[in-house]
Structure formats: structure tokens, C-alpha cells
Amino acid sequence: MEKKSTSPLKSIITIVISLAFAGFFLWLALKGLDFKVIQKSLAKANYLWVLFASVFGILAYWFRAIRWNLLLEPMGHQISNSNSLWSISFGYLMNLTIPRSGEVARATALYGVEGVPVDKSFGTIILERVVDLICMMGFLGLTLIFKYKAILSFYENSGIQPNPNKIIIGLLVLVIGTILFFVFKKKLSTIPVLGKVIGFIDGIFQGITSIFRLKQKGKFILYTLGIWISYYFAAYLVCFALPETSDFTIADGFFIIVVGTLGMIVPASGGIGAFNLAMKFGFMALFISMGKSAELGSEMGLTYSFISLPLQIVIMLVMGLISIPMLAKARNNRVSHADMEN
């Protein structure tokens, strides 16, 4: 009984902390700015471009759903694209409540409709994050080539100072920990309590290494490109909705998606506040690198964020809410089919 009572309490505390993060960063973003100026910019925006951006936002879901199937295939699981799509959508919906809870929710949802073990599907989700990080590094590389001045300006204004030593130490700990795990795995698995834990980790490892057993590597690369091209246009097309940013170049789009991703990494509900602050500093840096007003850049960054972020949240809500009855229907069909076979 104690576990059941503490679980909701932990969830409530996590949500409260997440909302506190969102409120704090939103306060930082709006601090010292005249919100009436942003309201005027929002009023004169061309929302037809936002509609175009939403198409690419939804398309990214579909590409990700098909790509997930390719990762599960080497482990002997053939799942429907629709169940994959709705499991992903449900996971994103959960991220709006408790940050980072969506990965577990997504794997659990897929187990309910397809019977794929949670540890294995969770392993493929970790793999997806690694692949996404590599793609993000690609965008960062393009940004360094084409918008180097803007990146320097962003770091100067945001106060973010990357610490290479911490990154190197973190990687060393991860590598050494992985090596020690495999060296002592057999001995540790004989301990009853650790046996299940090691089994779960093994399942995750199978999911992560599924990329080396892919039968359709070409398709995996194409769908990965499709996901990130969709992300790019979902972010870039919103710029055309505002007169002040309608002349942004393709290279400016690279910079925006990198800065926006940094904002979404912060554990705030739906990226609220953190994304707004990142866009404020990001657009300020872009405007400074173009020889324009920093104040105008910060105003346009916030205006952009108040269009782009709600768009992302609306897509998450709509797709997520649709996923609930769709997953319930698929789960009932699976149970009924199993009963008929028995």
C-alpha cells in the first residue's frame, strides 16, 4: 500500500518542480520587455505559414513511427505502423505532464498493443536518442560553418559556457561502467535481486545494438533524414509568418533548430519558459550578427517562441489525445484475438 501512495506523490512533486522550472525561465524570458510589442507582432503574423509548419511537425511523427519498426524488426517484432505512431504520440503527451516520462510511457504503450517487451523497445528508444544526437551534431556543424558569429553572440548573451572537462569525465565514467558491467555480468546475475535488473539491462542492450542487425539500413537513413528535414521545416517556416524574420536564410534555420533543441532539453513542462528564453537569446544573437538591434531580436525571438512552441504543444495534445482511444481499441482487439485463439 505504501508504494501506491508514494507513486502519485512523486509524480505530483515532479510536475510541480517542472512547472516551477517553466515559470522561472518564462519570467527570465519576459523580464524587462514590453509584452504589448509582442502582442502586436503576434496580431500581424501570417498564420498560413504556421499551418504549413504543422504539416511537417506531424510528418515527423509518421517518419519516426516507421523508423521505429525498422529498429524492432531485427529482434523479431513486426508491428503495425499505426500502433507505432500512437505509442509515440502517447509518449509525447506524457512528456507534457512529467518531463522525460514519455520514453517509458511509449515503451509501455507498445507492449500493451503489440506485446513487445518493454526493455527491448526502451533500448531502441535510447538508440533513437543517440541517432538524434548525431543528427543534432550535424546541424550544429552546419551552424558553425555558416553562422559562427551568431553562435559566439549567443553564448555571450546567454551566459552558457560549455565545460569540455565535464563532458570527457562523463564519457569516461560511461565507458568504464559499461566495461565493468560486462566483465562481472555473469557473477552479478547469480544474485537473485540483481538477476532481474541485469536481464532488463540486457534487453535494453539488445535494443541499442539492433542498429547493427538492421535489414534495411538504407530505409533507416532515409527516414532519419525525413524526421530531421521535417523538424527543420517545422521550425524554419514559422519565420516566414513574421515580417521581421521573413528574410531569414536557410543557414538561419540551422541556427534556430540548434538553439531550440537546447531550450527543449531543460526539464520544464513542454519546454515552456526554457524554449522561450532560448529563442530570445538566439534571435538576439542572429540580429546582432546581422548588424540589427539586439532589442528587436529579443522581441522577435519571444514572438517566434509564442507561435512555434504552442504549435508543438497543440500537435502533441491532438496526437496524444487521439492516441488514447486508438491504443485502447488496439489493446482490446489484441486481447480478443488472444481469447479466440485460446
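If you're wondering where the values come from, they're calculated on a predicted model, not measured in any experiment.

(A) Structural context of the overall build of the protein. In terms of regular secondary structure, the protein is built from 14 helices and 0 strands. Shown N-terminal to C-terminal, the secondary structure of the protein runs as helices and strands in the order α-α-α-α-α-α-α-α-α-α-α-α-α-α. Residues counted as buried form 44% of the 342 residues belonging to the protein. Considering only intrachain contacts with a sequence separation of at least 6, the fraction spanning at least 24 residues in the protein is 74%.

(B) Spatial organisation of a nonpolar patch on the surface. Taken together, the side chains of Ile221, Leu222, Leu225 and Ile229 define a hydrophobic patch exposed on the protein surface, amounting to about 400 Å² of accessible area. Exposure remark for Ile229: the relative accessible area of 45% places this residue in the partly exposed category.

(C) Broad picture of the UniProt feature "transmembrane region" (unreviewed entry) in the protein. Feature annotation in UniProt assigns "transmembrane region" (unreviewed entry) to the following positions: residues 12-33, 45-63, 126-146, 167-184, 190-208, 220-243, 249-266 and 302-324. From the first C-alpha to the last, residues 302-324 spans 33 Å; its make-up is 100% helix and 0% strand.

(D) Structural view of the pattern of salt bridges. By the definition in use, this model includes 9 salt bridges. Across the pair Asp252 and Lys147 runs a salt bridge, and its minimum N-O distance is 2.8 Å. Residue Asp252 is located in helix α12 (residues 250-265), and its partner Lys147 is located in the loop between α6 (118-146) and α7 (148-158); the two are separated by 105 residues in the primary sequence. When its relative accessible area of 14% is taken as the criterion, Lys147 is described as buried. Among the ionic contacts, a cluster of salt bridges with common partners joins Arg64, Arg67, Glu103, Arg106, Glu128, Arg129 and Asp132.

(E) Representation of the packing of aromatic side chains within the structure. Tallied over the entire structure, the rule returns 17 aromatic pairs. Here a set of aromatic residues connected by ring pairs shows up, and it is made of Trp49, Phe52, Phe56, Phe139, Phe146, Trp228, Tyr231, Tyr232, Phe233, Tyr236, Phe240 and Phe254. Note that Arg106 overlies the ring of Trp68, its terminal NZ or CZ placed 4.0 Å from the centroid.

(F) Expanded view of the nonpolar core. Among the nonpolar cores identified, the biggest contains 81 residues, and Phe139, Phe248, Phe255, Ile256, Phe283 and Tyr304 are the most heavily contacted of them. A per-element tally of this core places helix α14 (residues 294-341) first, with 12 residues. Beyond its immediate sequence surroundings of up to four residues, Phe283 is in contact with Thr245, Phe248, Ile256, Gly297, Met300, Gly301 and Tyr304.

(G) View of empty space enclosed by the protein. Tallied over the full model, the rule gives 1 cavity of 30 Å³ or more. For the largest cavity, the calculated volume is near 30 Å³. Those elements giving two or more residues to the lining of the largest cavity turn out to be α4 (81-95) and α5 (102-114). Ranked by residues supplied to the lining of the largest cavity, first place goes to α4 with 4 residues. Residue composition of the lining of the largest cavity, grouped by class: 2 nonpolar, 3 polar and 3 charged.

(H) Highlighting the packing of α12 against helix α13 (residues 274-289). Contact geometry of α12 with α13 gives a least axis separation of 8 Å together with a crossing angle of 150°. Classified by the angle between their axes, α12 and α13 sit roughly antiparallel to one another. Pair α12 / α13 crosses with right-handed handedness. Taken together, the residues of α13 that come into contact with α12 (itself represented by Asp252, Phe255, Ile256, Val259, Gly260, Gly263 and Met264) are Ala274, Phe275, Ala278, Met279, Gly282, Phe283, Ala285 and Leu286. When its residues are assigned to classes, the contact of α12 with α13 shows 11 nonpolar, 3 polar and 1 charged.

(I) A look at the confidence of the model for the protein. This prediction gives the protein a mean pLDDT of 82; 80% of its residues lie at or above 70. Confidence, read as mean pLDDT per element, is least for helix α10 (residues 192-208) in the protein (62) and greatest for helix α3 (residues 48-72) (95). For residues 1-6, every residue scores under 50 in pLDDT, and the model assigns this stretch 0 contacts once sequence neighbours within four places are set aside.

(J) Up close: the packing of α4 against α5. It is the contact of α4 with α5, at a shortest axis distance of 8 Å, that shows an interaxial angle of 145°. Crossing of α4 over α5 shows right-handed handedness. Contacts between α4 and α5 pair Asn83, Ser87, Ile88, Phe90, Gly91, Met94 and Asn95 from the former with Gly102, Glu103, Ala105, Arg106, Ala109, Leu110, Val113 and Glu114 from the latter. Looking at the contact of α4 with α5 residue by residue, the classes come out as 7 nonpolar, 5 polar and 3 charged.

(K) Structural detail: the side chain of Ser89. In this fold, Ser89 is placed in helix α4. At a separation of 2.9 Å, a polar atom in the side chain of Ser89 contacts the main-chain carbonyl oxygen of Leu85. Discounting residues that sit within four places of it in the chain, Ser89 has contacts with Tyr61, Met319, Gly320 and Ser323.

(L) Here's a closer look at the environment of Ser121. Relative to the elements of secondary structure, Ser121 occurs in helix α6. Assessed through its relative accessible area of 0%, Ser121 is described here as buried. Excluding its chain neighbours within four sequence positions, the residues that come into contact with Ser121 are Trp68, Leu72, Ala107, Leu110 and Val116.

Conventions used here
- Residues numbered from 1 in each chain as written.
- Predicted model: local features only at pLDDT ≥ 70, side-chain atom pairs only at ≥ 80, totals over all residues.
- Heavy atoms only, no water.
- Helix = DSSP H or I, 4+ residues; strand = E, 2+ residues; numbered from the N terminus.
- Buried < 20%, exposed > 50% of the residue type's maximum accessible area, 1.4 Å probe, protein only.
- Contact = heavy atoms within 4.5 Å.
- Patch = residues over 30% accessible without salt bridge, like charges linked within 9 Å, V, L, I, M, F, W, Y side chains within 5 Å.
- Areas by Shrake-Rupley, 256 points an atom, 1.4 Å probe, with all protein chains shown as cover.
- Salt bridge = Lys/Arg side-chain N within 4 Å of Asp/Glu carboxyl O.
- UniProt positions renumbered as here; feature names shortened; annotations may be inferred.
- Phe/Tyr/Trp six-rings, centres within 6.5 Å; stacked < 30°, edge-to-face > 60°.
- Lys NZ or Arg CZ within 6 Å of the ring centre and 35° of its normal.
- Core = buried A, V, L, I, M, F, W, Y, C linked by side-chain atoms within 4.5 Å.
- 1 Å grid on protein atoms, 1.4 Å probe; cavity = no way out; pocket = protein on both sides within 12 Å on 5 of 7 lines; lining within 4 Å.
- Points joined across faces, edges and corners; volume = space filled by probe spheres on them.
- Nonpolar A, V, L, I, M, F, W, Y, C, P; charged D, E, K, R; others polar.
- Axes fitted to C-alpha atoms, helices over the stretch in contact; angles between N-to-C directions.
- Parallel < 35°, antiparallel > 145°, perpendicular 65-115°, else oblique.
- Left-handed = near helix turned anticlockwise from the far one by under 90°.
- pLDDT = per-residue confidence, 0-100.
- Polar contact = N/O pair within 3.5 Å; in protein donor to acceptor, adjacent residues only side chain to side chain.

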